[in-house]
Amino acid sequence: MITRLSSLFVRTLREDPADAELPSHKLLVRAGYIRRVAPGIYSWLPLGLRVLAKVEQIVREEMDAIGAQEVRFPALLPREPYEATGRWTEYGPNLFRLQDRKAGDYLLGPTHEEMFTLMVKDLYSSYKDLPLSLYQIQTKYRDEARPRAGLLRGREFVMKDSYSFDVDDAGLAASYAKHREAYIRIFDRLGLEYVIVQATSGAMGGSASEEFLAVSPNGEDTFVRSPGGYAANVEAVSITPPAPVDASSTPAPSAILTPGAATIDTLVEQANQFAPRADRPWQGSDTLKNVAFRLTWPGGRSELLIVGLPGDRDIDLKRLDAAIAPAEATPLTEEDFAANPGLVKGYIGPVSLAGDAVVAHLGSEAATGVRYLVDPRVVAGTAWLTGANVADTHLIDVVAGRDFTADGVLDVAEIRDGDPAPDGSGGLSLARGIEMGHIFQLGRKYADALGLKVLDSNGKLVTVTMGSYGVGVSRAVAAVAEATCDDKGLAWPRALAPFDVQIVATGKDDSVLIAAEQLAAELDAAGVAVLLDDRKASPGVKFADAELLGIPTTVIVGRGLADGLLELRDRTTGERSDLPLEGALARIIELVTGS
Ligand code: ATP
Ligand code: MG
C-alpha cells in the first residue's frame, strides 16, 4: 500500500514545542511522530508508531534467536506479590499505586520480576523444565521525579523485559551470557554507538550487572573508561584507596581561628593566613569536608548521615543515590540544624577538643550519635584540616584512625577525568551516555521471597536463580533520533525508518504526478515502503518536510522528467545525484535493500 502525505495523519510544525530541550524531542514532535499528553506521557502518531514497531521487531527477533519465549503480562497488577518482595514500599514515590472500587490496592507495573517468578512457580516444578527465558514487550509505568527529553525518560514507556530461570549459578551465568550477546546484536542493528559498562543494580537487588549506554553528550548517565578496557557507570566505580600513612610524627590536633570560613576556599585562604605551614601551603585536598544529609527510607523512617570527604571534591549526587538506595538523601534543613545543636553549620568535624583531650564528635561512638561515613581516601594516618564543631574554628592535624574512627566508608565523591583507574591502567576518561539496556544476575532474591523452588536431579528442592534483562524500546526511538538528527530534521537509519523511500512530486504538470504515482506503485509492488508527497504544496515546503521527516532516501520527480531524469537525495549524507528514469526502479530497490 502506498502511503500518501496528502492523507497521512500528520502535521509538521515549524515551531519547537515549548517544553523540549533536546533536538530529538523537538524534532519527533515537529515531524509529527509523537504528541505530548501530560508530563512524560506521549501518544504515538502513524510515523512514530512505525519506528516503534521496527525497534520492537529487532528486539523480538534477537530474543527469539536465543530461545526466549514471548508472553505478556498485564500492566495493572495486584499489590500482594510486590508486598512479598518489599517493593510495594521500597519502590517509593516512583510507583503508581491505585485502588479499585473495593478499595483493593493495585499498581501499574514498573518492572515485572514478581509476576514472572510467580508464573513460573505456578507452572513448573522440576529442573528438567529449566533453563527457561521469558520476555515481554510491554508498557511500563514509573512516576519519575524528572520526566525529561520526551521519550527518553517517560512516566509511561515501552520496555522489553526478560527473565531467565536456572537451577544453579553456572546456568545463570550461561543465560546471562546469551542475553549479553543478544543485546550486542540488538544495539548493533539499531545502529547506535554504545558502550557496555559495569553497573549498580539499584532497587532491583542482585549482583553482576552491566548497562548498555548509547554514547551521547545529552545522556543523563556518566561513565568512565580506562586505557586498559575497564568501563563503568560512575555510579558503579569503586576507587582504589591509597595506602595507610605513618602518622607517628603528626602532632596532636590543635585549633585555629577561621572567622566566617564557611567554604573550602575561604578556609584554605584563612589557614594560609593564620596558620601557615613551613613546607607547603594549605590546599583544598588537605581539608576534610563534612556534608550532612537526612536519609529517608521508603515508608518514612529517617536518619541523619554525615559524609566526610576531601574538601577539593564534591559529592556526586547520583553516586550517593545509587549507594544509599532505596533510601533518599536530602540536605539538612534549618530545623534539622536547630534540633541538633551539636552540628554547627559550616564547622562540622569528627572530633572536638575538650581542654587538651580529643573527643569523638561524630559517629555512633560519639555523643552526637550521628552516623559518620568517610570517603575511601580518608585512610588511617591521613591528617586533616577540619571543622571543630565550634563557630569560626577549625582543627589541624586531625588524624584518621588515631583521633577518630568513622562508622564506615562511603565512596560517593565525584570521579574526575584523569583519576586513577581501578584496573591500574592509567587515568580514567569520562563521557556521557543514555542507558539503553541493563542486564542483571538477580540471583535468588525474588525466588526466595516468592518461594520459587524446583526439584533438582537428586530429588531435592532447590531455589531457582534468576536473571533480569531490560531494553528501553521507546527510549531507543529517541536515542536513535538523537544520534542521527541534524539541524534540518530527523535522519533515520534504514533499519528504523518509517518508510524506505519518500517520493516528492514537484511542479503543476499532470505528467509529474502520474510518473510519481507509477514509480510509487512499482516500488510498492516490489515490497519497498513508499511515502508519496502528492500534496499541492510548493517544492520548498515539500523539500523541507522531507528533511524534517528523515526518510533515508528521497526521490524527486519534477523538472528533469522531460529529460528523463529524476533526482536522488540521501538524507544522511546530503548527497544529491541524477537518477535516469530508465532503470530507476532497480537502482532504488538496490539502494533500499543494500543488494
Ligand atoms: P534509569 O537509570 O535511566 O532511570 P533504570 O536503571 O531505572 O533506568 P531499568 O529498571 O534498568 O531502568 O529498566 C530497563 C531499561 O528501561 C533501561 O535500561 C532503560 O532503557 C529503560 N527505561 C527505564 N526507565 C525509563 C523511562 N522512564 N523512560 C523510558 N525508558 C526507560
Ligand atoms: Mg538500569
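Check the entry above for the structure.
## Some details on the overall build of the protein chain
For step 1, the next point in the chain: From N to C terminus, the protein chain includes 14 helices and 32 strands.
For step 2, the next point in the chain: Overall size of the protein chain, expressed as C-alpha extent along the three principal axes, is 100 × 70 × 50 Å.
For step 3, the next point in the chain: Every one of the 595 residues in the protein chain was classed for burial, and the buried ones make up 50%.
For step 4, the next point in the chain: For the protein chain, long-range pairs separated by at least 24 residues make up 68% of all intrachain contacts whose partners lie at least 6 apart in sequence.
For step 5, the next point in the chain: Of the roughly 26,400 Å² of accessible surface on the protein chain, a fraction of 52% belongs to carbon and sulfur atoms.

## A look at the site of ligand 1
For step 1, the next point in the chain: Taken together, 15 residues form the shell around ligand 1, and within it Arg142, Glu144, Arg153, Gly154 and Glu435 come nearest.
For step 2, the next point in the chain: Between ligand 1 and Glu144, the relevant distance is 2.8 Å, taken from a nitrogen atom to a side-chain nitrogen or oxygen of the residue.
For step 3, the next point in the chain: Protein contacts shield 87% of the accessible area of ligand 1, which totals 590 Å² for the unbound molecule.
For step 4, the next point in the chain: Taken together, the elements giving at least two residues each to the shell around ligand 1 come down to β9 (156-166) and β24 (429-443).
For step 5, the next point in the chain: The leading source of residues in the shell around ligand 1 is β24, at 4 residues.

## Section: the pairing of strand β20 (residues 371-374)
For step 1, the next point in the chain: For strand β16 (residues 302-310) and β20, the ladder comprises 4 bridges, and the chain directions are parallel. Each bridged residue has a counterpart across the sheet, and for Leu305 the counterpart in β20 is Arg371.
For step 2, the next point in the chain: Here β20 runs beside strand β23 (residues 408-409); their pairing, made up of 2 bridges, is parallel. From the neighbouring strand, Leu373 faces β23, where its bridge partner is Gly408.

## What about the nonpolar core?
For step 1, the next point in the chain: Counting 59 residues, the largest nonpolar core has Leu28, Tyr33, Tyr183, Phe187, Leu190 and Trp492 as the members making the most contacts within it.
For step 2, the next point in the chain: What Tyr33 contacts, discounting residues up to four positions off in sequence, is Leu28, Ser43, Trp44, Leu45, Leu47, Gly48, Val51, Leu490, Trp492, Pro498 and Leu549.
For step 3, the next point in the chain: In terms of nonpolar packing, the next biggest core, distinct from the first, is built from 24 residues, Leu95, Leu442, Tyr446 and Leu452 among them.

## Comments concerning a nonpolar patch on the surface
For step 1, the next point in the chain: Nonpolar side chains collect at one region of the surface, where Met119, Leu123 and Tyr124 lie side by side and expose about 280 Å² of accessible area between them.
For step 2, the next point in the chain: Mapped onto the fold, Tyr124 is located in the loop between α5 (113-123) and β8 (132-141).

## Quick look at the sheet that holds strand β7 (residues 105-108)
Strand pairs in the sheet, formed through backbone hydrogen bonds, run parallel or antiparallel to each other.
For step 1, the next point in the chain: Judged by pairing direction, the sheet is antiparallel, and its 3 strands sit side by side in the order β5-β7-β6 without closing on themselves. Each edge of the open sheet is held by one strand with a lone partner, namely β5 (76-78) and β6 (96-99). Across the sheet, the axes of successive neighbouring strands diverge by a mean angle of 40 degrees, strand direction being ignored.

## A few points about the packing of aromatic side chains
The geometry of an aromatic ring pair comes down to the distance between the two centres and the angle between the two planes.
For step 1, the next point in the chain: This structure, assessed with the given rule, holds 10 aromatic pairs.
For step 2, the next point in the chain: Judged by centre distance (4.4 Å) and plane angle (45 degrees), the ring pair of Phe73 and Phe116 falls under tilted. Highlighted residues: Phe73 in the loop between β4 (69-70) and β5 and Phe116 in helix α5, separated in sequence by 43 residues.
For step 3, the next point in the chain: Given the relative accessible area of 10%, Phe73 is considered buried.
For step 4, the next point in the chain: Here Phe116 falls in the buried class, since its relative accessible area comes to 0%.
For step 5, the next point in the chain: The ring of Phe499 has Arg50 lying over it, and the distance from NZ or CZ to the ring centre is 4.0 Å.
For step 6, the next point in the chain: For the cation-ring pair, Arg97 lies above Trp88, with the distance from its terminal atom to the ring centre recorded as 5.3 Å.

## Here we look at the pattern of salt bridges
For step 1, the next point in the chain: On inspection of all chains with the given rule, the structure shows 35 salt bridges.
For step 2, the next point in the chain: Linking Arg294 and Asp336 is a salt bridge whose minimum nitrogen-to-oxygen distance equals 2.7 Å. Taken as a pair, Arg294 in strand β15 (residues 287-296) and Asp336 in helix α9 (residues 334-339) lie far apart in primary sequence, 42 residues in all.
For step 3, the next point in the chain: Glu303 is the salt-bridge partner of Arg371, the closest N and O atoms lying 2.9 Å from each other. Of this pair, Arg371 sits in strand β20 while Glu303 sits in strand β16; the two residues are 68 residues apart in sequence, bridging distant segments of the chain.
For step 4, the next point in the chain: Judged by its relative accessible area of 23%, Glu303 falls in the partly exposed class.

Cut-offs and rules
- Residues numbered from 1 in each chain as written.
- Chains lettered and ligands numbered in written order.
- Predicted model: local features only at pLDDT ≥ 70, side-chain atom pairs only at ≥ 80, totals over all residues.
- Heavy atoms only, no water.
- Helix = DSSP H or I, 4+ residues; strand = E, 2+ residues; numbered from the N terminus.
- Buried < 20%, exposed > 50% of the residue type's maximum accessible area, 1.4 Å probe, protein only.
- Contact = heavy atoms within 4.5 Å.
- Areas by Shrake-Rupley, 256 points an atom, 1.4 Å probe, with all protein chains shown as cover.
- Near = heavy atom within 4 Å.
- Polar contact = N/O pair within 3.5 Å; in protein donor to acceptor, adjacent residues only side chain to side chain.
- Pairing = 2+ DSSP bridges.
- Core = buried A, V, L, I, M, F, W, Y, C linked by side-chain atoms within 4.5 Å.
- Patch = residues over 30% accessible without salt bridge, like charges linked within 9 Å, V, L, I, M, F, W, Y side chains within 5 Å.
- Salt bridge = Lys/Arg side-chain N within 4 Å of Asp/Glu carboxyl O.
- Axes fitted to C-alpha atoms, helices over the stretch in contact; angles between N-to-C directions.
- Phe/Tyr/Trp six-rings, centres within 6.5 Å; stacked < 30°, edge-to-face > 60°.
- Lys NZ or Arg CZ within 6 Å of the ring centre and 35° of its normal.

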